[in-house]
Amino acid sequence: EKAQIGVTGLAVMGRNLARNFARHGHTVALHNRSYGRTKELVEEFGHEGKFIPSESAADFVASLERPRRVVIMVKAGGPTDAVIDEFAPLLEPGDMLIDAGNAHYLDTRRREAALKAKGLHFVGAGVSGGEEGALHGPSIMPGGPKESYDALGPLLEDIAAKVDGEPCCVHVGPDGAGHFVKMVHNGIEYADMQLIAEAYDLLRQVGGHEPAEIAAIFQDWNEGRLGSYLIEITAEVLKQVDASTGKPFVDIVVDQAEQKGTGRWTVQAALDLGVPVSGIAESVFARALSGGPDVRKAAADAGLPGPTAEKTHAGDLKADVEQALFASKIVAYAQGFQQIQAASKEYGWDIDPGAMAKIWRAGCIIRAKFLDFIKQAYDKQPELATLLVDDYFLDAVSGAQDAWRRVAATAAQQGIPAPGFASALAYYDGLRAKRLPAALIQGQRDFFGAHTYHRVDKDGSFHTLWATEDRKEVDA
Ligand code: 6PG
């Protein structure tokens, strides 16, 4: 008997994906750079399904039915290229290499083009949900050629998370579309986490609540419109007490957030696309600020002064923070979805944004009730310019904005950093503004660089002769 699918790279993510396929009745070919891991998997989990372990790449390939489906689960970058170089010569036209790692979408585009020339299908698939998701049902975002999805999709859909029986997996679009969407998922994940962290900080520093009390607040919010995996685990983390000191766990952890890079990639790509993902950018920068101990120490040593304002809030802090969190979250998602739409246009991917919201409803890290409303918004209006103008979100933000402003003001007055809340609000007000000071910036550009401007009252490009006496306007 041949295997329906193979997995190479059997560290915990690869191992769990392989087990998930096997548990769904598929025969799974196994391969790893060192055979020890392969043997271990079969010894420990062999009873869960049918596995065909191979020591060599050639045997592994030979154990697969055609078209061959080879899932690669190794580190992004060089290691992925090395595995592709090893397997591509062993495969035949129509076979598929599926990169399930967090690859950069430009690498995926490059690899897809190179393998296409050899008649191979390269599928860059975003997989979210961590180790548990990989085993019990991740959210899967496969890109690559549409034809490959016919032979591959059903297997991926089998192992994906389900919402009302519907799989959290869909063909996202060609070449790098899947990895692009996974990257933006992670960017949104960063923003969500930052906003939650700011909410916690305000409740603690302004509200004077202890972590355990804040855990209860998050648990409570998790029952409402904020209900999501990240809110749920936040409550768990805040509840945790450190065994060795008896202190709240959150107080014994060094306050320097690390990152593996997908959030940064999202912002880099957004800069190139010209999409203002300020919420994601602030969250990446907030991590960078936290992780810059030298600068923080210099600031502490210099005693940068803070405000003398009393720790008060002109409203019901808990209710206001919930509103600020919800409104800022809407902005972050609106920006992320706008980035997906912009890339889809730029690369001709034809991504259905509603389908992305749909497959993020379970399995992935940003899974949330909220995504149902995003799906509905795009189902109603696939070309929606921004989620903020959809009825549901417009309503939510209208209801939240007073509280949101109070929270941003409190944070500013009391010197508590809340870049996520503040920048989301600034973005919202920027969109709302009838006139932006961008007009002045155009004037400055024209002054120093003759960069020209458009007029509100007639067509054409104009330039003012700033250096002349009469500063006459000319057609540019
Ligand atoms: C997921 C996660 C996953 C991983 C991130 C963490 O969707 O399952 O996003 O991809 O946990 O890479 O990213 P940082 O280490 O950059 O926070």
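This structure is a prediction, so every number in the text was calculated from the model and none was measured.

## Details of the site of the ligand
Logical step 1: The immediate surroundings of the ligand are formed by 14 residues, with Ser128, Glu189, Tyr190, Lys260 and Arg287 found nearest.
Logical step 2: Glu189 places a polar side-chain atom, nitrogen or oxygen, 2.6 Å from an oxygen atom of the ligand.
Logical step 3: Within the backbone of Lys260, one N or O atom sits 2.7 Å away from an oxygen atom of the ligand.
Logical step 4: The biggest single contributor to the shell around the ligand is helix H8 (residues 177-205), with five residues.
Logical step 5: Broken down by class, the residue content of the shell around the ligand amounts to two nonpolar, eight polar and four charged.

## Some words on the pairing of strand E6 (residues 121-128)
Logical step 1: Counted residue by residue, E6 has eight buried out of eight residues, so it is predominantly covered.
Logical step 2: Burial along E6 is two-sided: the residues His121, Val123, Ala125 and Val127 and Phe122, Gly124, Gly126 and Ser128 are all buried.
Logical step 3: With four bridges connecting them, strand E5 (residues 96-99) and E6 associate as parallel partners. When the bridges of E6 are listed, Leu97 appears paired with Phe122.
Logical step 4: For the crossover from E5 across helix H5 (residues 105-116) to E6, the handedness is right-handed.
Logical step 5: With four bridges connecting them, E6 and strand E7 (residues 139-142) associate as antiparallel partners. Its bridge partner being in E7, Ala125 is matched across the sheet by Pro142.

## Re the UniProt feature "domain: 6-phosphogluconate dehydrogenase C-terminal" (unreviewed entry) in the protein
Logical step 1: UniProt tags residues 178-467 as "domain: 6-phosphogluconate dehydrogenase C-terminal" (unreviewed entry).
Logical step 2: Helix makes up 65% of residues 178-467 and strand 1%, with an end-to-end C-alpha separation of 52 Å.

## Remarks on the confidence of the model for the protein
Logical step 1: On average, the protein scores 97 in pLDDT, and the residues at 70 or more come to 100%.
Logical step 2: Reported for the predicted complex are a pTM of 0.97 and an ipTM of 0.96.

## A short note on the packing of helix H12 (residues 262-273) against helix H15 (residues 317-347)
Logical step 1: For the pair H12 and H15, interaxial distance at closest approach is 10 Å and the crossing angle is 60 degrees. Here H12 is positioned oblique relative to H15, judged by the angle of their axes. Crossing handedness for the pair H12 and H15: left-handed. Contact residues: Thr266, Ala269, Ala270 and Leu273 in H12; Gln339, Ala342, Ala343 and Glu346 in H15.
Logical step 2: Its residues assigned to classes, the contact of H12 with H15 shows five nonpolar, two polar and one charged.

## Points about the packing of H8 against H12
Between two packed helices, what matters for the description is the angle formed by their axes and the separation of those axes.
Logical step 1: Running from amino to carboxyl end, H8 crosses H12 at an angle of 110 degrees, the nearest separation of the two axes being 8 Å. Classified by the angle between their axes, H8 and H12 sit roughly perpendicular to one another. Handedness of the H8/H12 crossing: left-handed. Here Phe180, Met183, Val184, Asn186, Gly187 and Tyr190 of H8 lie close against H12, whose contacting residues are Thr262, Gly263, Trp265, Thr266, Ala269 and Leu273.

## Examining the layout of surface pockets
Logical step 1: In this structure, the second largest pocket occupies an estimated 330 Å³ of space.
Logical step 2: Considering the residues around the second largest pocket, the lining is formed by 15 residues, among which Gln341, Ser344, Lys345, Ile351 and Glu383 are closest to the centre.
Logical step 3: Of all the elements, H15 adds the most residues to the lining of the second largest pocket, at five residues.
Logical step 4: Among the residues forming the lining of the second largest pocket, the class breakdown is eight nonpolar, three polar and four charged.

## Section: the UniProt feature "active site" (unreviewed entry) in the protein
Logical step 1: Those places that UniProt annotates as "active site" (unreviewed entry) correspond, in this numbering, to Lys182 and Glu189.
Logical step 2: Structurally, Lys182 can be placed in helix H8.
Logical step 3: Since its relative accessible area comes to 4%, Lys182 is described here as buried.
Logical step 4: For Lys182, the contacting residues outside a window of four places in its chain are Asn102, Gly126, Val127, Ser128 and Met141.
Logical step 5: Side chain to side chain, Lys182 and Asn102 meet in a polar contact 2.8 Å long.
Logical step 6: Checked against the element boundaries, Glu189 lands in helix H8.
Logical step 7: Setting aside residues no more than four positions away along its own chain, Glu189 makes contact with Leu230, Ile365 and Ile366.

How each quantity is defined
Chains are numbered independently. Their residues run from 1 in the order of the written sequence. In keeping with the model being predicted, local features are shown solely for residues with a pLDDT of at least 70 and side-chain atom pairs are shown and tallied solely at 80 or more, while totals for entire chains, interfaces and linings include all residues. Hydrogens are left out, water is left out, and the side-chain values use all remaining heavy atoms of the structure. For this purpose, a residue is taken to be near a molecule or strand whenever a single non-hydrogen atom of the residue falls within 4 Å of it. Polar contact criterion, stated in full: a pair of N or O atoms within 3.5 Å, where within protein one must be able to donate a hydrogen and the other to accept it, and residues adjacent in sequence count only if both atoms are side-chain atoms. Counting from the N terminus, the helices are DSSP H or I runs at least four residues long and the strands are E runs at least two residues long. In the scheme used here, Gly and all other residues not listed as nonpolar or charged are polar, with Ala, Val, Leu, Ile, Met, Phe, Trp, Tyr, Cys and Pro taken as nonpolar and Asp, Glu, Lys and Arg as charged. Relative accessible area decides the class of each residue, using a 1.4 Å probe on protein chains only: under 20% of the type maximum gives buried, over 50% gives exposed, and in between gives partly exposed. Pairs of strands are assigned from DSSP output, requiring at least two bridges between the strands. Handedness of a crossover is defined as follows: with both strands directed away from the viewer, a clockwise route from the first strand across the helix to the second makes it right-handed. UniProt positions are given in the numbering used here, feature names are shortened, and annotations may be inferred rather than shown by experiment. Summary of the metric used: pLDDT quantifies the predictor's per-residue confidence within the range 0 to 100. Lines fitted to the C-alpha atoms define the axes, with helices restricted to the stretch that makes contact. Angles between their N-to-C directions range from 0 to 180 degrees. Any angle from 65 to 115 degrees is called roughly perpendicular, while one under 35 is roughly parallel, one over 145 is roughly antiparallel, and all others are oblique. Left-handed describes a crossing whose near helix is turned anticlockwise from the far helix by less than a right angle; the clockwise case is right-handed. Should any heavy atoms of two residues lie within 4.5 Å, those residues are considered in contact. Definitions used for this entry: grid spacing 1 Å over protein atoms alone; cavity, a set of points where a 1.4 Å probe fits but cannot get out; pocket, an open set with protein on both sides within 12 Å along at least 5 of 7 lines; lining residue, one with an atom within 4 Å of a point. Grid points are joined across faces, edges and corners, and a volume is the space filled by probe spheres set on the points.

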